[in-house]
Amino acid sequence: MECWQKTEESCPELEMRTSGMITPEEEKEQVQRGDGRQTAHRSSRTARSEEDRDTLWDAWGSWSECSRTCGGGASYSLRRCLSSKTCEGQNIKYRTCSNVDCPPDAGDFRAQQCSAHADVRYQGQYHEWLPVYNDPDNSCALKCKAKGSGLVVELAPKVLDGTRCYTESLDMCISGVCQIVGCDHELGSTAKEDNCGVCNGDGSSCRLVRGLYKLQHASGKTEDTAVVIPYKSRHVRLVLKGLDHLYVESKTLQGVKGELVLDNSGQYHLENTTLDYQKLSDKEVLRITGPLGADFTIKVQFASGVDSVVQYIYYQPIIHRWRETDFFPCSVTCGGGYQLTSAECFDLRSGRVVVDQYCHYYPENIKPKPKLQECNMEPCLASDGYKQIMPYDLYHPLPRWESNPWTACSTSCGGGIQSRSVSCVEEDMQGTITATEEWKCLYSPKTAILQPCNTFDCPTWLAQEWSPCTVTCGQGLRYRVVLCIDHRGLHAGGCNPTTKPHIKEECLVTVPCYKSIDTLPVEAKPLWHKQAIELEEEIIVTEEPTFIPGPWQPCSRTCGAGIQHRAVKCQVLLSFSQTVADLPDDECDGVKPAASQPCYRTPCSEASGRRREDEEVEVEEEEEGETLQKEELHDWEYEGFTECSESCGGGVQEAVVICLNKQTREAADQSLCVSSRRPPQLLQDCNTQPCPPRWEIGEWSSCSASCGVGLMTRTVSCTHRPSRDSNRTEVLREENCKIPKPGPVQACNRFDCPPMWDTRDWGQCSHSCGGGVQIRQVLCKQRLADGSILELPDTFCPSKSPANQQPCAKQECLPQWVTTNWSPCSVTCGNGIQRLQAVCRKQGEDGYQTVDPENCFFMARPTSTRPCSLRLCENSIKPDPTILAQRKVYIQWRKGKKVQLVVGGYAYLLPWTTVVLRCPTRHFRKGHIRWLKEGKALVNLPHLSTTSVGYVKIQQVRASDAGVYTCIAGQAQEHFVLQIIGSKQKLPVPKVAESWILTGRQRKIGQLDVASTGERFQELPISANQYDNIVERLLELKGSVQEGVIDKTHSSEKNKSTPEDERASSEIIIPDILVADTHRLDEIMHNLSEGLGGPRESVESSTQGPLLYKPNIKAYTTRPRSPVIIQRSRKFEVVPSSEIIVHVGVPVLLQKPVTSLEMRCESLGNPKSSITWTKNGKDLHYNNRIGLLPTGSLRIQSPNKEDEGLYTCTAMNRLGSTSLSSLLHITGGKGRNCDQGNNMGVNGPHCPERTNGSQSAELCRGQDCPFRWRVDSWAPCSATCGGGSQTRRVRCMKGPEDSLREVDSQHCLGTGRRPSDTRLCNVLPCARWATTHWGPCHGQCMGPSLAAQHRHVYCQDTNGTKVPYRMCSGFQRPSSLKNCSSEACALHWRVGPWTQCTATCGRHGFQSRQVTCAHRQTGKAMREHHCMWRPRPPSWQRCNILSCGRAADCRDSTRYCEKVRQLELCPLPQFKSRCCQSCRNT
C-alpha cells in the first residue's frame, strides 16, 4: 500500500520531516547517483497537480529501484519543496516491492548484511559475524554476534530497507524504523492470516483436529503410530506424556519417504518444514508452525513398560472443495430454452475431480446451488412451428422431479425401509408429461428415494405379578396374567404365540397338611382363587382341533359332598370364516379333560342333612317340572369382607352383601332380591397388632424454579404411635424405620427456560455530586435443563432490554478551589518565582461555574510556587559551571542488575554489574560534559559508552574497568574511584594521576592527551586505595550478615514469633548497596588509628571472624581460658514494642525509628572476662539514652543519626582479650538507600526525609527535649513531565511535641545534616499518543452497509520514538476502531416459508423455517455472524397450541404409559398429557 497523504496526521508512521530527513543537497546527490534519473525527475515535475502547486511541492519523482530482488523490499519516491519557506508534509514516501519468495539457497537478508563486515577488522581482529534477531531495544539496528566468542556489536545503526524487524513477522525496517506490513504485503495494513494460512480469511478452508491416543505396550510391538498429519497442515502441537520417544516419518505427494529421529531439544528440518522439539523428564513436546511440506506420520518408539498418552491438535486443510461447473448445453436449439450449472468435488492436492462423497465428508463444505439461465432466445424458423411459444413462462413450467408412490414397508414393526422411484419430467404446452435427462432438474434438490418406516417397536409379552399359592399347606399352583403390549402401551394382538410366558406354575408351601387339601368349594374360596381356577381351565379355540371345556355346573348338593358337571367338546376354528365347528372326540389329540368332579360346600348336621337332602330332592323335582318364584330364586348372602381400613394398629372391615342366584350360585343384580330381606351390616376388628415405626411423609412443596430445573422438598420423619387408642405420634431415629428412606428432595420443571434478561448490581456513580451516571451490566441469559446458564446475544431475549444506566448523585456540589495558570515571573530578568493561581468554582448541571471566593472559605487555598528564569540581567555575571558531587563510599553488598552512582566518591562493586555513573551539573549543558579515565580521554568500548546526557554506562563491569574516572564541566572537575570486589591487585595509580595526588601541581589538560584550551585538573584529595582495608573487612562479614537477616529466628523458636515481632524484624533489611559518607568513614578510621595503633590493626581486631560453632562451655569454666565472644547462629531477636536485639558482629541497618536497640556481647573465659564498649575507636560515653546492662550488653534508647558508627565490644581477662564489632547505619526509606541517586520516581524520591530525633522527642519531657529538624510536606511538582522541581519548608524546632517552638537553624546543625528543601520530580520524558492511518474498510459488519475500520495506536515521545504505553497513561487514548461504509455489508436476514406444524393440537407442536444471512443485491449467502448487528428472526416456533379437548382424542402417545400408571406419575402434567387414556381414571 502506498501512502499518498501530505499531512503528518494522515500518515504519521511514514512521516519524514524536510528539516531532519532529506535536505535538498542530499536529494540532489541521490538523483545524481541515479544515472539519468535526474532527467526523469525533472520531466515528472511537469505533471504537477493543482494541489501540488497550492502546497508549494514539486511533483513526486519516479519510484526507486527495490531494495531487494525477492522476499519483500522497499522502494521510495521523492519530491522537492519549491518555496524558500518550509513546506508542510513529507518529501518522501514508500511502498513495498519484490513480494515474491526467495529461493531456498538465497540465505537470510540480515545474515548477509552481517557477513559483509567479515573482511573489516574490529578491535584489530577479523570475525565471522552472525545476525542477532528480535532485539527488543532496536529491532532495526544491525546487531551481530562474533562466532565463537559471544561478542555482540552494533555494526550499523540501521539495517537495509526491506529487512524484517522480527523473524516471525512481515513488518519491515524502512530508514531505520520498523513499519507495519500486513499479510497482503501492504504498508500499514492490518490484514492477518487466519489459522488456515489464508490472508484475511475467515478460517473456513481448514478444520481444527484434536485428539488423544493411548499407546498399548501389551501388544508386543516395539513401536506404534500415534497420528498421521496431512500435507499443508498448520499449527501442530503434540505432547507425549510418558517415557517413550517420538520420531517422525514423511511422505511427499510424489511418494518420496523420509525419517527424522528426535534426540535432543532443538530445531529440526524435514521436507522444508521446521520442527521445534522439547525433551523433558516426563514428557516430549513437538511444535510445527507449518505448513507441512509432506504427510507426517508421528510414531512412538516404546522405551518402558508403562503405557503412554499422546495428545495432539492441528489445523487440517480441507483438500476436497466444491467447484462450480460451466453451464450445461441449452435445452433447445432455438425459441428460448434454459441451461444449468452444477457443482463437482475437486481434490486440491491431485487437481482432479473426485466423487461427491469426499466433499460431503466435511460439514463445513456447503454444495453451491445450481444456477439457471435462459439460452438460445432467437426465434425458430417458421417451418419449426415454435415461434409463438413464450419460453418457460407460466404456461410452460420448468422441468421438475416427479416421484411415484412409496412401496410397502419391508417390516410391520421394529424399523423397515420403503422406496420409490424419482425421475425428472417435462410438461409441454398441451400438458403432456414426459421423462427427460436428470441434469435439467438439478437446479433443485432431488427428492428422497428411500425412507424409514414402521420405526415403532414390535408388540411384546408383558407378564404381571404372580398370585399367591392356591393352598396354605403342601403343594399347589400359582397364576399370573400375561398381556400383549404394543408400542402405544395398549393391550393388543400381534405377539408371537410361541414366545408367550407360561401363566401357571407349581408352588410349594412349607407347612404340613393335616386335613383335606380342598375342603371348600370354589364358590367359597377368595375371589382371586376363583379367578385363578378359571384362568387355569380357560382354553382358546385355535385352528388345531382342541378339547374345549365348558363352565362347571353348580354342585349337586348344598352341603356335604356332591358332584358338579360340565360339557367338554372337541372344537376347531375355521380361519376362512372365523367360526367354530364341533368335531368328534377322536379328532382331538391328548387326554380329554374331566367332565365331572366332586364338590363340597359346607358340612351337614344330621337334621339339616336330612332336611337338605329332602330339599334337594324337591329342588330336583321342581327343576324337572316347575320354575321357582322370583323371590325364591334369588336371596341375599354374605360374601367375605372388605379390605381392612388399616394395615396395622387396629382397623375395621365390613361384611360384603350380594344378591345370589340360588340355582347358579352367581351374583345377580340387587334389584332381583327383596330389599326388605337385606341382612344387617356386619363389622369386625382387623389388623389389631401394633404398628411398627413407619415413615411419615408430608406434602411436596411447590417447585423452587418455574424452569431450568428446580427442587421440591417434603418432610420425611420416622414416627411411631405407642398404642391403638393414642392420637399422638413419637418421632424416632431414622435407623428404626425400614430402608430405603423416601426421598425428601425431588427435581422438578426440568426443561429449558426461555432467554431472560439478567441485570447486575449498579456500579459506582461517575460523580459524587452535581449529577452523575452509574452503569450496570445487562446480559441475555438462558438457564438450561441441566442447571447450567448459557449467555446469548441480546437478540435472543424477547422484551426490551432493561436500562443499563441511570442518573445518580443529584445533590448539589460544594464549591472548591481549582488551580488555573501560573502568575507572571516575579522578576523581569534573572531568577524569580511564579505562583499558582486558584479560583473558587462550583459544579452545576452546565459544568463548572466561577463563584465568589468567599464561598470557598471553609477550604484552605492551595499555594504553590516554582522557580522561573528569564533573560540574564544587564551587567550580570554568568555563573561558573559547578558539579554537584556526592562524597559517598558505595559498597555492593549483594548482586543486582543495575547500579546508579554519582561522581565525587568511591565504589566497591561486584563484577558483572551494570553501572551508570552520573555527573550532575549546574550552569552547564550535559551534552558538553567530557570524561577521562586515568587522565586520558575515555574511549567507547562495546560494553562502555558515554550517553548524550553526560552519563557513563558500563555493561557488566569487569576488572579492567577499575580506575579513576574524571568528569569535566568547563573549569570544574570531579573524580570517582571504581574498585572491583574480588580483584587481588591494588588499583594502580597512573603517572599522570600521581602528579595530581603527590605534587599538587596544576597541569593543562592538553598535556594529558585531551583536546582542551585551558582547563586544569584539581588535586585528587585522597589516595585511590584509601578505604580498601576497612571495606575488605566489612565484606568478610557478608556471609554472616546474610544468614543473620534471612534466618530471622532459630528453628527451635520459630513458632514463638508474633505478627508484631515480624513487623519489627522487617526494620533490619540488607540493601543491595551500602552507602556511607566519606567524612564519617574518615572519622572512624582516624579514631581507630589513634586508639588501637593504626587502622589496619584495629580493623582486624574489631572484625575478626565469627565463631560459627557452639563452644564447649564446661571446658571454659573448668580450666583457665582466654576470652571468646560467642557469635550466635540466630543473629538478632525481635521483641514487642519495637525493641531490636542484635548480637555483636552483625552490621545493623535501621529502616525506621525504634524504641530501643540492644547489642548483646556474650563472652566465655576463665577467669570471667570484663566487657567494655568503644564507638569509632573511642571510649563510649554513657548517658540517659546509652547505657551498659548488667549482662554486658549495650542498650541505645531511640537511636538516631547521631548514634551511627562502628561499635566494638572488647572482652578481657588476665589471659588476654578479644573484640567483635558491629556497624550501625540508620536510613530513611523502605529497604533502599536514599543517597544512591537512582531512586527518582515520577513524584520525586521514594525515600522521604525523616525528622532527626523525632523518636527521642516523643520520649522526652520539658527542657530535656533535643533540637531537631521539622519538615513540611512537598509542594506540587512544577512540571508534569520532562523534569520539574519541588520545594518544602525546613525549620529547627525545640521542646516537646505539645509546645514546639521554632529556633535558629544553627541550633540543629549538631543533630545532623539539614534536610533538603528542593528536589527534582516528574523526570520521565514527555510523551503523547500517536496513530497510524486507518486501514481498509473490510472488518466485521456493524450495520447496514457499515463495517469496522482499524488503525494502530502507540505512545511516542517528542522525538518520535515509540515508548511504553504506561508513559501515555495520563492522556486520553485515541480510538483504534471506527465504522466505515462498505457495500460488502449490504446484508439482511432472508427467511423462508414456515413448514407444516408437527401437531394439530396439544402443547408439543412446532414448525420451522430457513433463516440465512444474504447480500441484498447479489443474494449470495454469507456467514451468519456478518448479520448479527440486527436481531436474527426466529427459525422455529410453537404452533397449534390448542386443547385437544374431546374424549375421543384422549389417547396414549407413548408406550410407557402402563409404567407411568404403575409408578403413580399421572398427577404430573408432563406425563398426564402424554398418557391421557391410561391416566384418565387415576
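Quick look at the structure, then. (Residues numbered from 1 in each chain as written. Predicted model: local features only at pLDDT ≥ 70, side-chain atom pairs only at ≥ 80, totals over all residues. Heavy atoms only, no water.)

### Remarks on a nonpolar patch on the surface
Right, so step 1: Residues Leu814, Phe857, Phe858 and Met859 make up a contiguous nonpolar surface patch of about 470 Å² in total accessible area.
Right, so step 2: The topology assignment puts Met859 in the loop between strand S53 (847–850) and strand S54 (865–869).
Right, so step 3: A relative accessible area of 32% places Met859 in the partly exposed class. (Patch = residues over 30% accessible without salt bridge, like charges linked within 9 Å, V, L, I, M, F, W, Y side chains within 5 Å. Areas by Shrake-Rupley, 256 points an atom, 1.4 Å probe, with all protein chains shown as cover. Salt bridge = Lys/Arg side-chain N within 4 Å of Asp/Glu carboxyl O. Helix = DSSP H or I, 4+ residues; strand = E, 2+ residues; numbered from the N terminus. Buried < 20%, exposed > 50% of the residue type's maximum accessible area, 1.4 Å probe, protein only.)

### Examining the sheet that holds strand S18 (residues 320–324)
Right, so step 1: The antiparallel open sheet is built from three strands, whose spatial order is S18-S20-S21. What marks the edges here is a single partner per strand, and that holds for S18 and strand S21 (352–354). Ignoring strand direction, the axes of neighbouring strands in this sheet form an average angle of 50°.
Right, so step 2: Sheet topology places S18 next to strand S20 (residues 343–347); five bridges connect them, and they run antiparallel. (Pairing = 2+ DSSP bridges. Axes fitted to C-alpha atoms, helices over the stretch in contact; angles between N-to-C directions.)

### Quick notes on the packing of aromatic side chains
To describe a pair of aromatic rings, one takes the distance between the centres and the angle between the planes.
Right, so step 1: Going through the model one piece at a time under the given rule, you end up with six aromatic pairs.
Right, so step 2: For the ring pair Tyr76 and Tyr94, a centre distance of 6.4 Å and an interplane angle of 65° mean the geometry is edge-to-face. Taken together, the positions of Tyr76 in strand S1 (residues 73–78) and Tyr94 in strand S2 (residues 92–97) put the pair 18 residues apart, joining distant regions of the chain.
Right, so step 3: Classification of Tyr76 as partly exposed rests on a relative accessible area of 24%.
Right, so step 4: In this structure Tyr94 comes out as buried when scored by relative accessible area, which is 3%. (Phe/Tyr/Trp six-rings, centres within 6.5 Å; stacked < 30°, edge-to-face > 60°.)

### Describing the environment of Cys1161
Right, so step 1: Along the chain, Cys1161 falls in the loop between strand S72 (1156–1160) and strand S73 (1163–1166).
Right, so step 2: For the pair Cys1161 and Thr1208, spaced 47 residues apart in the sequence, the C-alpha separation amounts to 9.6 Å.
Right, so step 3: Apart from residues no more than four positions distant in its own chain, Cys1161 is found in contact with Ile1125, Val1144, Ile1171, Trp1173, Thr1191, Gly1192, Ser1193 and Cys1209. (Contact = heavy atoms within 4.5 Å.)

### Quick look at the pattern of salt bridges
Right, so step 1: Tallying each qualifying case throughout the model produces 23 salt bridges.
Right, so step 2: Here Asp202 makes a salt bridge to Arg1423, at a shortest N to O gap of 3.2 Å. Highlighted residues: Asp202 in the loop between strand S7 (177–179) and strand S8 (206–214) and Arg1423 in the loop between strand S96 (1421–1422) and strand S97 (1436–1438), separated in sequence by 1221 residues.
Right, so step 3: On the accessibility criterion, Arg1423 (39% relative accessible area) is partly exposed.
Right, so step 4: Across the pair Glu1302 and Arg1289 runs a salt bridge, and its minimum N-O distance is 3.6 Å. Taken as a pair, Glu1302 in strand S85 (residues 1301–1303) and Arg1289 in the loop between strand S83 (1284–1287) and strand S84 (1290–1294) lie far apart in primary sequence, 13 residues in all.

### Examining the sheet that holds strand S17 (residues 309–317)
Right, so step 1: Pairing is antiparallel across the open sheet formed by six strands, whose spatial order is S8-S17-S10-S15-S14-S13. Edge positions in the sheet fall to S8 and strand S13 (266–270), since each has one partner strand and no second. Averaged over all neighbouring strand pairs, the angle between strand axes comes to 15°, with direction disregarded.
Right, so step 2: Pairing geometry for strand S10 (residues 234–241) and strand S15 (residues 283–288), over six bridges, is antiparallel. Across the sheet, the residue bridging to Arg237 is Arg287, located in S15.

### Some words on the nonpolar core
Right, so step 1: Membership of the largest hydrophobic core comes to 28 residues, with the highest contact counts inside it found for Leu901 and Trp931.
Right, so step 2: At the level of secondary structure, the elements contributing two or more residues to this core comprise strand S57 (898–902), strand S58 (906–909), strand S59 (914–918), strand S64 (952–954), strand S65 (963–969), strand S66 (972–980) and strand S67 (1073–1077).
Right, so step 3: In terms of nonpolar packing, the next biggest core, distinct from the first, is built from 27 residues, Leu240, Leu260, Ala294 and Tyr314 among them. (Core = buried A, V, L, I, M, F, W, Y, C linked by side-chain atoms within 4.5 Å.)

### So, the side chain of Asp486
Right, so step 1: Along the chain, Asp486 turns up in the loop between strand S30 (482–485) and strand S31 (504–509).
Right, so step 2: When its relative accessible area of 9% is taken as the criterion, Asp486 is described as buried.

### Looking at the state of the cysteines
Right, so step 1: Counted by the stated rule, this structure contains 36 disulfides.
Right, so step 2: Covalent S-S linkage joins Cys780 and Cys797, the inter-sulfur distance amounting to 2.1 Å. Sign of the S-S torsion, about 100° for the bond between Cys780 and Cys797, identifies this disulfide as right-handed. Within this pair, whereas Cys780 is found in strand S48 (residues 778–783), its partner Cys797 is found in the loop between strand S49 (789–792) and strand S50 (805–808), the two being separated by 17 residues in sequence. Comparing Cys780 with Cys797, the two get one shared label, buried.
Right, so step 3: There is a disulfide in this structure between Cys825 and Cys868, and the S-S distance comes to 1.9 Å. The sign of the 75° torsion about the S-S bond sets the Cys825-Cys868 disulfide as right-handed. Of this pair, Cys825 sits in the loop between strand S51 (816–822) and strand S52 (831–844) while Cys868 is found in strand S54, placing the two residues 43 residues apart along the sequence.
Right, so step 4: A relative accessible area of 19% means that Cys825 is categorised as buried.
Right, so step 5: Owing to a relative accessible area of 9%, Cys868 belongs among the buried residues under this scheme. (Disulfide = S-S within 2.5 Å.)

### Side note on the environment of Ser1273
Right, so step 1: Mapped onto the secondary structure, Ser1273 falls in the loop between strand S82 (1268–1271) and S83.
Right, so step 2: The exposed category is assigned to Ser1273, whose relative accessible area is 64%.
Right, so step 3: Sequence spacing of Ser1273 and Arg1289 is 16 residues, and the spatial spacing of their C-alpha atoms is 7.8 Å.
Right, so step 4: For Ser1273, the residues in contact, after removing those within four places along its chain, are Thr1287 and Arg1288.

### Section: the pairing of S59
Two faces, one strand: in a regular strand the side chains alternate between the faces of the sheet.
Right, so step 1: Counted residue by residue, S59 has five buried out of five residues, so it is predominantly covered.
Right, so step 2: Neither face of S59 is exposed, since Thr914, Val916 and Arg918 on one face and Val915 and Leu917 on the opposite face are all buried.
Right, so step 3: One ladder, built from five bridges, connects S57 with S59; its direction is parallel. Note on S59: the bridge partner recorded for Lys898 is Thr914.

### A word on the pairing of strand S11 (residues 245–251)
Right, so step 1: As paired strands, S11 and strand S16 (residues 295–301) are joined by seven bridges and run antiparallel to one another. Within the sheet, the bridge partner assigned to Ser250 lies in S16 and is Phe296.
Right, so step 2: Bridge count for S11 against strand S12 (residues 257–261) is five bridges, and the pairing is antiparallel. Following the sheet pairing, Lys251 is matched in S12 by Lys257.
Right, so step 3: The hairpin turn running from S11 into S12, its antiparallel successor, is five residues long, and Gly255 in that turn takes a positive phi close to 90°.

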